[in-house]
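Summary of the model geometry
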Amino acid sequence: EAGVAQSPRYKIIEKRQSVAFWCNPISGHATLYWYQQILGQGPKLLIQFQNNGVVDDSQLPKDRFSAERLKGVDSTLKIQPAKLEDSAVYLCASSPSLGLVLETQYFGPGTRLLVL
Amino acid sequence: EDKVVQSPLSLVVHEGDTVTLNCSYEVTNFRSLLWYKQEKKAPTFLFMLTSSGIEKKSGRLSSILDKKELFSILNITATQTGDSAVYLCAVEPLPATASKLTFGTGTRLQVTL
């Protein structure tokens, strides 16, 4: 079974530039998550989709971050404009169910973003 | 707000040692606690714990949950250099229309020869 795919793996941009990350979850997984992991910290949930609807985006800085999952499969996360403090690893994860049973999340390899 | 605190923050041991990693939590309406291993980027799932006192075991790794005292431990026996990683603890609350995890900062384990 193919895992969660993310691209790019690394990105270096200057502050105030825009950047987009892509995630392809495990086939058939209904729920998709974007996390931000700053160096030395645990992952922090940014946004959670169930199919193509947003379940939770309470920790997403909506003035600069946006995400979509138009067809309920792939997702993109965008930052516009980027700030220095956005430097982090952006992890995408997916889980199969709609939360009715206990199932774990499966993580992708992440995208490491460096904002200069 | 849900909270997860892990200790120690970092640990250096010799190969063959046994280590215990700690995770304490505060969560409204507890559903499960999860342990992940993060070597480079992607956290990989180790255990999911839902009931107190029942040990989950996988090879040299084991974990147990105490829902009364709100903590969990992860034990690694006969450590190997391949166990070097950051170990993340996360909690999942109810209700769960989907799985919302709150992570701790992790324990960085380094196993030396």
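Residues numbered from 1 in each chain as written. Chains lettered and ligands numbered in written order. Predicted model: local features only at pLDDT ≥ 70, side-chain atom pairs only at ≥ 80, totals over all residues. Heavy atoms only, no water.

1. Description of the overall build of chain B
What counts is decided by this rule: Only DSSP runs of H or I with at least four residues qualify as helices, and only runs of E with at least two residues qualify as strands; both kinds are numbered from the N terminus onward. The quantity called the radius of gyration is restricted to C-alpha atoms. Its globule counterpart is 2.2 Å times the number of residues to the power 0.38. Note on exposure labels: buried denotes an accessible area under 20% of the residue type's maximum, exposed denotes more than 50%, and partly exposed covers the range between, all computed with a 1.4 Å probe on protein chains only. Here, residues are in contact when the closest pair of their heavy atoms is within 4.5 Å. The Shrake-Rupley method, run with a 1.4 Å probe sphere, supplies the accessible areas, and residue values consider only the shown protein chains as cover. None of His or the chain ends enter the tally, which takes Lys and Arg as positive and Asp and Glu as negative. A charge is said to be at NZ when it belongs to Lys, at CZ for Arg, at CG for Asp and at CD for Glu.
Counting its secondary structure elements, chain B contains 0 helices and 11 strands. Counting from the amino terminus, helix and strand elements in chain B follow one another as β-β-β-β-β-β-β-β-β-β-β. Expected size for 113 residues packed as a compact globule is a radius of gyration near 13 Å; at 14 Å, chain B falls within 12% of this value. Referenced to the eigenvectors of the C-alpha coordinate spread, the extents of chain B come out at roughly 45 × 30 × 20 Å. Burial analysis of chain B (113 residues in total) assigns 48% to the buried set. Pairs at least 24 residues apart make up 54% of the contacts formed inside chain B by residues separated by at least 6 positions. Of the roughly 5,500 Å² of accessible surface on chain B, a fraction of 52% belongs to carbon and sulfur atoms. Counting 12 positive and 11 negative side-chain charges, chain B places the averaged centre of each group 5 Å from the other.

2. A closer look at unusual backbone geometry
Only a minority of non-glycine residues have a phi that is not negative, and only a minority of peptide bonds are not trans. Residues and elements named next belong to chain A. Put simply, Ser7 and Pro8 share a cis peptide bond, and its omega is -10°. Mapped onto the secondary structure, Pro8 falls in the loop between strand E1 (5-7) and strand E2 (10-13). Despite not being glycine, Asn51 has its phi angle at roughly 55°, a positive value. Looking at the element boundaries, Asn51 is found in the loop between strand E5 (44-50) and strand E6 (53-56). The exposure class assigned to Asn51 is partly exposed, which follows from its relative accessible area of 38%.

3. Details of the interface of chain B and chain A
For the record, the criterion: What counts as buried area is the accessible surface, traced by a 1.4 Å probe, that two parts surrender upon association, with contributions from both included. Whenever a carboxyl oxygen of Asp or Glu lies within 4 Å of a side-chain nitrogen of Lys or Arg, that contact is scored as a salt bridge. Contacts described as polar in this section are N or O atom pairs within 3.5 Å, which, within protein, must combine one atom able to donate a hydrogen with one able to accept it, while residues neighboring in sequence count only if both atoms come from side chains. Gly falls in the polar group here, along with every residue not listed as nonpolar (Ala, Val, Leu, Ile, Met, Phe, Trp, Tyr, Cys, Pro) or charged (Asp, Glu, Lys, Arg).
Across the contact, 22 residues belong to chain B and 30 residues belong to chain A. Between chain B and chain A lies a buried interface of about 1,900 Å² when both sides are counted; carbon and sulfur atoms form 53% of it. Taken together, the links from chain B to chain A amount to 0 salt bridges. Taken together, the connections running from chain B to chain A amount to 2 residue pairs in polar contact (both at pLDDT 80 or more). For the side of chain B that touches chain A, the secondary-structure elements that each account for two or more residues are strand E4 (30-38), strand E5 (43-49) and strand E9 (85-93) of chain B. Looking at the side of chain B that touches chain A residue by residue, the classes come out as 11 nonpolar, 7 polar and 4 charged.

4. Some remarks on the state of the cysteines
Rule in force here: Cysteine sulfur atoms that pair up within 2.5 Å are treated as a disulfide.
One pass over the structure, following the stated rule, counts 2 disulfides over all chains. Put simply, Cys23(A) and Cys92(A) are joined by a disulfide, and their sulfur atoms are 1.9 Å apart. Taking the torsion about the S-S bond as the criterion, the Cys23(A) to Cys92(A) disulfide, at about -70°, is left-handed. Of the two residues, Cys23(A) sits in strand E3 (residues 19-24) while Cys92(A) sits in strand E9 (residues 88-95), which places them 69 residues apart along the sequence. Judged by relative accessible area, Cys23(A) falls into the buried class, the value being 0%. Linked covalently through their sulfurs, Cys23(B) and Cys89(B) form a disulfide whose S-S length is 1.9 Å. When the S-S torsion is -70°, as for the bridge of Cys23(B) with Cys89(B), the disulfide is left-handed. Taken together, the residues Cys23(B) in strand E3 (residues 19-26) and Cys89(B) in strand E9 connect sequence positions 66 residues apart.

5. Let's talk about the nonpolar core
Condition: Nonpolar core, defined: a set of buried Ala, Val, Leu, Ile, Met, Phe, Trp, Tyr and Cys residues in which side-chain atoms within 4.5 Å join the residues together.
By size, the foremost hydrophobic cluster in this structure holds 22 residues, and its most contacted members are Tyr25(B), Phe30(B), Leu33(B), Trp35(B), Tyr87(B), Val91(B) and Leu109(B). At the level of secondary structure, the elements contributing two or more residues to this core comprise E3, E4, E5, strand E7 (61-66), strand E8 (71-76), E9 and strand E11 (107-112) of chain B. In this structure, Ile13(A), Trp34(A), Phe65(A) and Ala82(A) belong to the second largest nonpolar core, which totals 21 residues.

6. Examining the pattern of salt bridges
Within this structure, the stated rule accounts for 5 salt bridges over all chains. Taking the shortest distance from any N to any O, the salt bridge between Arg64(A) and Asp86(A) comes out at 2.5 Å. Of this pair, Arg64(A) sits in the loop between E6 and strand E7 (65-68) while Asp86(A) is found in the loop between strand E8 (75-79) and E9, placing the two residues 22 residues apart along the sequence. A single burial state applies to Arg64(A) and to Asp86(A), both of which are buried. Here Glu92(B) ties to Arg31(B) by a salt bridge, and the two come within 3.0 Å at their closest N and O atoms. Taken as a pair, Glu92(B) in strand E9 and Arg31(B) in strand E4 lie far apart in primary sequence, 61 residues in all. Given the relative accessible area of 13%, Arg31(B) is considered buried.

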